[in-house]
Amino acid sequence: MKLIKPPKLNAGDVIGLISPASSPDDLNKINKGVSYLESIGYRVELGKNVGLQEGYLAGTDEQRLEDLHYMFENKHVKAIFSIRGGYGSTRLLDKINYNLVKRNPKIFVGYSDINALQLAFLKKCGLVTFAGPMLAVDFHEQVSEFTEEIFWRTITSNKKIGRLKNPSEEKFFVLRKGRGVGNLIGGNLSIFTSLIGTEFLPQFKSPVFIFEEINEPPYKIDRMFNHIRLAKLFKNAQAVILGRFVNCYETDNSKASFTLNEVILEYFEKMKIPVIYNVKHGHIKDNITIPFGLQCIVNGSRGFIEIPESGVV
């Protein structure tokens, strides 16, 4: 797969804002997020359908797709940020004009449900995208300085990203030692598994997987990892990185259950590749931005993760 890195973001550039999935319950969060972006020197263009509500979707599929296509087509827009996740991105995958996206490579940011678009852009276009902060989730109130620093550096600098570090230098937890090098792929566990068997899931010869999740009990985490195992996607894996699994526990104390950690250990403790856990990426305030598609070095023996190249040009 030939990767395409988008041009870096410069001061004063226009950032396009879209809602490819759900809309925030409080639309004032959008206004606050826009104010934040403008306060640090960027111009903003809102998709014309932003703020619409169609059931649990931010407008119809056609309306959300229209905004997505417009932002890639508009030459003035240099980066596209998602307003929030929720649900609905997968409904667009077979309707997207991927030639348009490939002809106009741009910084594309989001996580959670937005991961579906990122995986599809990587598969169909080779576009490097960024699992990073969303407007109405991370930029509408006091912004994490940790999240800010790594995010803006990643999309505004064409220097190598380098080693990923947790807040306050908190160490990663090593499940398996060793060293692995490959292309970074994954994201939200439930979104990733939902694309198995479709034409929208990228497959690298030597992948490094990263996964995060929220609000799924251990038996569902078990089912999703088993799905990946049965699909033989771990066969060529060079390493596995496990981000944050937020609220992934059984809430009904009357039910017999494994713990999340027991499920994690069962699938990854016996692997013959490096596995690193406790990486601060996912549905959390202090969030490491992850560039999908780039080469990644995982050294379980020395406890570090490194991206030896830039995500933008």
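Here we summarise the structure given alongside this text. Nothing here was measured: the structure is a model prediction, and the numbers come from that model. The written sequence of each chain sets the order in which its residues are numbered from 1. Two thresholds apply to this predicted model, a pLDDT of at least 70 for residue-level local features and 80 or more for giving and counting side-chain atom pairs, whereas whole-chain, interface and lining totals are computed over all residues. Computation of side-chain values: all heavy atoms of the structure, hydrogens and water removed.

1. Side note on the sheet that holds strand β3 (residues 77-82)
Let me state the cut-off plainly: We treat two strands as partners when DSSP finds at least two bridges between them. Only DSSP runs of H or I with at least four residues qualify as helices, and only runs of E with at least two residues qualify as strands; both kinds are numbered from the N terminus onward. With axes taken as lines fitted to C-alpha atoms, and helix axes fitted only over the stretch in contact, angles between N-to-C directions fall between 0 and 180 degrees. Only heavy atoms matter for contacts: two residues are in contact if any of them lie within 4.5 Å across the pair.
Here 6 strands make up an open sheet; going across it, the order is β2-β1-β3-β4-β5-β12 and the pairing mixed. Both edges of this open sheet fall to β2 (43-46) and β12 (290-292), since each of them pairs with a single strand only. Here the average twist between neighbouring strands, direction ignored, is 25°. Taken together, the 5 bridges between strand β1 (residues 14-18) and β3 define a ladder with parallel strand orientation. Each residue of the ladder has a partner; that of G16, found in β3, is I80. Along the sheet, helix α2 (residues 61-73) contacts β1, β2, β3 and β4 (107-110); its crossing angle with β1, the most-contacted strand, is approximately 170°. Where helix α6 (residues 145-156) meets the sheet, its contacts fall on β1, β3, β4 and β5 (129-131), and the angle it forms with β3 comes to roughly 145°.

2. Structural notes on the packing of aromatic side chains
Convention followed: Within 6.5 Å between ring centres, the rings of Phe, Tyr and Trp (the latter by its six-membered ring) count as paired, and their orientation is classed by plane angle as stacked under 30 degrees, edge-to-face over 60, tilted in between. Throughout, exposure labels follow a simple rule: accessible area from a 1.4 Å probe, protein chains only, divided by the maximum for the residue type, with under 20% read as buried, over 50% as exposed, and the rest as partly exposed.
Going through the model one piece at a time under the given rule, you end up with 22 aromatic pairs. Consider the rings of Y42 and W152, whose centres lie 5.1 Å apart with planes at 15°: the pair is stacked. Residue Y42 is found in the loop between α1 (28-39) and β2, and its partner W152 is found in helix α6; the two are separated by 110 residues along the sequence. With respect to class, Y42 is no different from W152; both count as buried.

3. Some points on unusual backbone geometry
Within the chain, E169 stands out as a residue other than glycine whose phi angle is a positive 60°. Among the secondary structure elements, E169 is positioned in the loop between β6 (162-164) and β7 (173-176). The phi dihedral of N215 falls on the positive side, at around 60°, and the residue is not glycine. Inspection of the secondary structure puts N215 in the loop between β9 (207-214) and α8 (218-230).

4. Thoughts on α1
Put simply, the rule is: Each residue after the first adds 1.5 Å to the expected span of a helix. What the arc measures is the spread of directions leading from the helix axis to the C-beta atoms.
In this model, α1 (12 residues) spans 17 Å end to end at C-alpha, consistent with the 16 Å of a helix rising 1.5 Å per residue. Every buried residue of α1 is accounted for by I30, G33, V34, Y36 and L37. Down the axis of α1, the buried side of the element spans an arc of 155°, and every buried residue falls inside it. Looking at the buried positions of α1, the neighbouring elements they touch are β1, β2, β3, α5 (135-138) and α6. Where α1 ends, the next residue or the one after it, G41, has phi of about 105°, a positive value.

5. A word on the packing of α8 against helix α9 (residues 260-268)
Worth spelling out the cut-off: By the definition adopted for this analysis, an angle is roughly parallel if under 35 degrees, roughly antiparallel if over 145, roughly perpendicular if from 65 to 115, and oblique otherwise. By definition, any crossing whose near helix is turned counterclockwise from its far helix by less than a right angle is left-handed, and any crossing with a clockwise turn is right-handed. Residue polarity is assigned by list, with Asp, Glu, Lys and Arg as charged and Ala, Val, Leu, Ile, Met, Phe, Trp, Tyr, Cys and Pro as nonpolar; anything else, Gly included, falls into the polar class.
With their axes 9 Å apart at the nearest point, α8 and α9 run at an angle of 15° to one another. Classed by the angle they form, the pair α8 and α9 counts as roughly parallel. Crossing of α8 over α9 shows right-handed handedness. Facing P218, I221, D222, F225, N226 and R229 of α8, the residues of α9 in contact are L260, V263, I264, Y267 and F268. Of the residues assigned to the contact of α8 with α9, the class counts are 8 nonpolar, 1 polar and 2 charged.

6. Description of α9
Among all positions in α9, only L260, V263, I264, Y267 and F268 are buried. With its buried residues spanning 105° around the axis, α9 presents them on a single face. Tucked inside the fold, the buried residues of α9 contact β7, α8, β10 (239-246) and β11 (275-277).

7. Describing the sheet that holds β11
In spatial order, the strands read β6-β14-β13-β8-β9-β10-β11-β7; together these 8 strands make up an open sheet with mixed pairing. Sheet topology places β6 and β7 at the edges, where each strand pairs with a single neighbour. If you compare each strand with its neighbour and ignore which way they point, the axes differ by 30° on average.

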